[in-house]
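A structural walkthrough
What follows is the residue order along each chain.
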Amino acid sequence: MQPLFFNRYAVASSAGIGLDSTAQALGEMRSGLAACAFETARLDTFVGQISDSLLAPVRADLAAFDCRNNRVAQLCLQQDGFDQSVMAAREKYGPARIGVFVGTSTSGIHETELAYRRRDAAGALPADFRYATTHNTYSVAWFVQSYFGLTGASMAISTACSSSAKAFGSAARMIAAGLCDAAVVGGVDSLCLTTLYGFGSLGLLSPVGCRPFDADRDGISIGEGAGMVLLEKMADGSPAESIALLGVGESSDAYHMSTPHPEGLGARMAMEQALMSAGLRPGAVDYINLHGTGTRSNDATEDKAVCAVFGNDTPCSSTKGWTGHTLGACGAIDAIICALAIERGFMPGSVNTRTLDPALGLRYLLDNRSQPVDIAMSNAFGFGGTNCSLLLGRVQP
Amino acid sequence: MKLFVESAAILAPGLTGWAASRAVLAGEKTYEPAPLAPPVADLLPAVERRRTGSTVKLALAVGHEALTSAGRPVDSVATVFVSSGNDGDVINDICITLAGPDRQVSPTRFHNSVHNAPSGYWGIATHSHHPSTSLCGFDWSFAIGLLEAAAQLQADRREVLLVAYDTPYPEPLRGIRPVTQPFGAALLLTRDRTNRSIAELGVGMDARPIEISRMSDAALEHLRTDNPSARALPLLAALASAQPRLITLQRDAGQTLSVSVRTF
């Protein structure tokens with residue numbers, strides 16, 4: 001594929017609000033996870049929660065969209081000069097030429113969870129409950145589109161934990177097909193009872209904070225957050241050097257709804273396709289940001305898949321110990337962490353992980369390293385056996 | 001963007017399969033709504049079939065019909081799944097449980113609650129490792145799926161199966177999201193014309209909103225507005241017709257998609 005450059009990117013998670021604070025948390029090995037105190041959830045687990053005090057109501061003219069998920073989205077749009085850059089692109093290309101591709105797993109389902117507590121005597125939901133602009137999966141894409149007044153293609157991608165990685169694929173194809181000149185691409189997910197109790201029922205929540213690739217790893221920590229990228233085709237006037245999306249690979253496990261393929265078959269295919277789409281050999285990749293959720297099975301199968309494609313010499317780590325597993329948002333957030341690694345010349349280690357699992361073979365970084373990164377891969381895998389790998393790199397047009 | 005249709009499939013009240021529905025969609029036969037018998041997802045292994053609800057079964061059945069009538073193996077194509085919502089019965093059960101004193105969510109319900117559940121079961125049923133995406137555009141999901149499929153064909157793929165499905169919501173969700181009838185449709189789309197092509201489509205994004213296409217039959221028009229995926233009906237009617245047509249689908253709250261349809 002033709003590289004597409006990151007005109008601007010922004011991030012918000014429990015690890016940091018904005019790029020600088022995120023980079024600082026990474027540098028200081030400061031995790032955003034804490035014992036779960038979300039709403040009425042009573043679960044023995046850690047979460048990556050963004051402080052409620054930071055989640056301001058959405059802009060008054062968009063009040064119909066107000067819900068935790070869209071508040072998280074708005075917080076991200078307001079970081080790192082992102083909103084100004086989108087408005088400048090809107091001026092440059094026109095609102096019809098900018099698409100919106102947002103990945104989310106649960107969107108604003110928390111509003112419906114709350115509305116069910118307020119059912120009347122006949123069992124009906126309260127009249128003030130707004131389904132379309134909060135719970136519906138499209139709500140967050142619709143909100144972002146409305147926030148900027150864009151009229152290009154607009155969609156929510158909802159493939160569980162690969163959602164926002166796959167959003168990059170949809171955006172790249174739309175730009176390649178000539179339907180957009182630029183795209184607001186990202187992912188947003190927020191804490192809700194469905195995912196907390198749902199993962200709890202599967203026995204996948206770590207009681208102490210996730211420890212990816214640790215010998216004693218015991219599950220995930222659910223996080224919330226958003227990552228947004230203004231993706232643009234390379235053209236005259238593009239910056240002399242920038243971060244770009246170089247390749248996208250997608251595959252299906254065709255194995256099980258909630259357990260990855262034991263040999264990591266789908267994950268391997270996604271990584272191979274990403275390399276093929278970028279026209280790169282495995283040896284060109286300097287760093288891999290793993291999906292690395294911290295469950296026994298995810299890390300073991302991802303390990304097999306990475307070793308099959310890259311051998312055991314490419315530095316890898318999972319940053320879920322900082323952010324928690326932000327589900328549908330993790331593809332975008334992890335891609336942005338890769339962009340930070342390239343831009344600022346470092347490889348994140350792994351906060352919380354103490355003792356590497358000796359049964360795993362890939363070259364896992366425990367500590368941060370100061371080292372130039374030219375090309376990075378980001379993995380995101382999800383329920384339903386959906387896999388997506390992204391390749392990012394530095395380009396000179 | 002130019003693309004080709006190899007097959008179409010439909011499952012809805014009174015519209016059970018493309019062959020049986022074509023004359024109705026073309027306006028040659030009267031539409032007679034009748035309750036849709038629960039689709040049989042015979043693609044799925046029995047153990048998985050027991051774990052799935054009507055939404056997954058509808059999506060798999062209609063996707064299977066499209067591939068069978070195109071004469072293509074079920075594991076041979078990339079897929080785009082679109083719906084306005086996840087399985088309403090599953091969401092309702094989970095929300096009732098979470099509102100109650102004992103929040104024991106069923107693990108199977110939880111993994112069936114994801115928007116991409118039909119895509120996941122499609123993979124399990126077909127053993128296809130091809131890429132599959134699951135999209136949502138509220139009431140405009142079908143148009144979004146068509147746009148995604150067209151972009152995939154332009155960018156890097158030769159064939160894409162587009163599957164649109166939505167099933168009725170139970171109360172109390174139905175009170176705020178009144179979807180009352182099931183509707184599923186699928187199209188096997190190709191980049192190049194093949195000896196099986198039945199129509200050529202030209203898909204374009206309109207610069208400004210244009211009057212959207214409706215169904216002339218009142219009962220079909222009712223179905224079109226009842227179920228988000230049934231917004232596909234004007235395109236399916238054009239595919240059933242011998243005359244070239246230009247139809248307009250809404251693709252978000254304010255914009256439209258134009259689709260020219262020329263059948264062979």
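Computed from a predicted structure; not experimentally measured. Residue numbers restart at each chain and count upward from 1, following the sequence in its written direction. Each chain gets a letter, beginning with A, and each ligand a number, beginning with 1, in the order they are written. Confidence filtering applies because this is a predicted model: local features only for residues at pLDDT of at least 70, side-chain atom pairs given and counted only at 80 or more, and all residues used for totals across whole chains, interfaces and linings.

Going along the chain from the N terminus, every DSSP run of H or I of four or more residues is numbered as a helix, and every run of E of two or more is numbered as a strand. Summing up its helical and strand segments, chain A has 12 helices and 17 strands in all. Note on method: radius of gyration uses C-alpha positions; expected globular size equals 2.2 Å times residues raised to 0.38. On C-alpha atoms alone, chain A measures out to a radius of gyration of 20 Å, which is about the 21 Å that the 2.2 N^0.38 rule sets for 397 residues. Dimensions of chain A, computed from C-alpha atoms along their principal axes, come out at roughly 60 × 50 × 40 Å. A buried classification covers 67% of the 397 residues belonging to chain A. Any two residues are considered in contact once their C-beta atoms, placed from the backbone, lie within 7 Å. Of the contacts formed within chain A by residues at least 6 apart in sequence, a portion of 80% connects residues at least 24 apart. Neighbour density around each residue's C-beta defines its exposure: 20 or more other C-beta atoms within 10 Å make it buried, 12 or fewer make it exposed, and counts between make it partly exposed, where C-beta atoms are placed from the backbone.

What follows covers the overall build of chain B. Within chain B, the regular secondary structure consists of 10 helices and nine strands. Scaling as 2.2 N^0.38, a compact globule of 264 residues should have a C-alpha radius of gyration of about 18 Å, and chain B matches this with 18 Å. For chain B, long-range pairs separated by at least 24 residues make up 71% of all intrachain contacts whose partners lie at least 6 apart in sequence.

Taken residue by residue, the interface counts 55 residues in chain B and 55 residues in chain A. The set of elements that each furnish at least two residues to the side of chain B that touches chain A consists of α4 (88-99), α5 (107-112), α6 (117-126), β4 (132-136), α7 (141-155) and α8 (173-176) of chain B. If one sorts the elements of the side of chain B that touches chain A by residue count, α7(B) sits on top with seven residues.

Here we come to the nonpolar core. One finds A:Ala183, A:Leu390, A:Leu392, B:Val62, B:Leu162 and B:Leu236 to be the most contacted residues of the largest nonpolar core, which totals 229 residues. Examining the composition of this core, we find that 11 residues originate from one element, helix α12 (residues 330-344) of chain A, more than from any other. In this structure A:Leu390 touches A:Ala165, A:Phe168, A:Leu245, A:Val248, A:Ala274, A:Ala335, A:Met377 and A:Ser378, once residues within four positions along its chain are discounted. Under the definition applied here, buried Ala, Val, Leu, Ile, Met, Phe, Trp, Tyr and Cys residues are grouped into a nonpolar core through C-beta atoms within 7 Å.

Another aspect to go through is the pairing of strand β9 (residues 225-233) of chain A. All names here are of chain A. Counting buried residues along β9, eight of its nine residues qualify, which places the element largely inside the surrounding structure. Across nine bridges, the pairing between strand β1 (residues 4-13) and β9 is antiparallel. Residue pairing in the sheet places alanine 12 in a bridge with alanine 226 of β9. Pairing of strand β7 (residues 182-189) with β9 involves eight bridges; the strand directions are antiparallel. Paired with valine 184 across the strands is leucine 230, a residue of β9. In this description, strands pair whenever DSSP reports at least two bridges between them.

Turning our attention to the pairing of strand β5 (residues 159-166) of chain B. Residues and elements named next belong to chain B. Counting buried positions over the eight residues of β5 gives eight, a clear majority of the element. With burial as the criterion, each face of β5 is covered, one bearing Glu159, Leu161, Val163 and Tyr165 and the other bearing Val160, Leu162, Ala164 and Asp166. Pairing between strand β3 (residues 78-82) and β5: five bridges, direction parallel. Note on β5: the bridge partner recorded for threonine 79 is leucine 161. Sheet analysis places β5 next to strand β6 (residues 183-190), joined by eight bridges and oriented antiparallel. Residue aspartate 166 lies in a different strand from β6, and its bridge partner there is phenylalanine 183.

The next thing to look at is the sheet that holds strand β8 (residues 222-223) of chain A. The three strands are arranged β3-β4-β8 (chain A) in an open sheet whose pairing can be described as mixed. In the strand order of this sheet, the two ends are held by β3 (34-35) and β8 of chain A, each with one partner.

What follows deals with the environment of A:Ile175. All names here are of chain A. Tracing the backbone shows isoleucine 175 in helix α7 (residues 163-176). Looking at isoleucine 175, the number of C-beta atoms within 10 Å reads 25, which means it is buried. Taking C-alpha positions, isoleucine 175 is 21 Å from leucine 280, a pair spaced 105 residues apart along the chain. Discounting chain neighbours no more than four positions away, the residues touching isoleucine 175 are Leu4, Cys180, Ala183 and Lys233.

In terms of burial, helix α8 (residues 193-201) of chain A is largely enclosed, as eight of its nine residues are buried. For α8(A), the full list of buried residues reads A:Leu193, A:Thr194, A:Thr195, A:Leu196, A:Tyr197, A:Gly198, A:Phe199 and A:Gly200. Buried residues along α8(A) sit against α4 (109-117) and β8 of chain A together with α4 and α5 of chain B. Just beyond α8(A), the residue with positive phi is A:Gly203, at close to 70 degrees.

Further remarks concern the environment of A:Phe82. Residues and elements named next belong to chain A. Within the secondary structure, phenylalanine 82 is located in helix α3 (residues 82-93). Taking the C-alpha atoms as reference, phenylalanine 82 lies 41 Å from alanine 124; in sequence the two are 42 residues apart. Setting aside its immediate chain neighbours within four residues, phenylalanine 82 contacts Arg8, Ala10, Leu77, Met228 and Leu230.

Let us look at unusual backbone geometry. The step from B:Glu171 to B:Pro172 runs through a cis peptide bond, and the omega angle for that step is 5 degrees. Relative to the elements of secondary structure, B:Pro172 occurs in the loop between β5 and α8. Notably, A:Ala254 is not glycine yet its phi reads approximately 55 degrees, a positive angle. With respect to the helices and strands, the residue A:Ala254 is situated in the loop between β10 (242-252) and α9 (265-278). The buried category is assigned to A:Ala254, around which 21 C-beta atoms lie within 10 Å. The backbone of A:Leu327 shows a phi angle near 55 degrees, a positive value even though the residue is not glycine.

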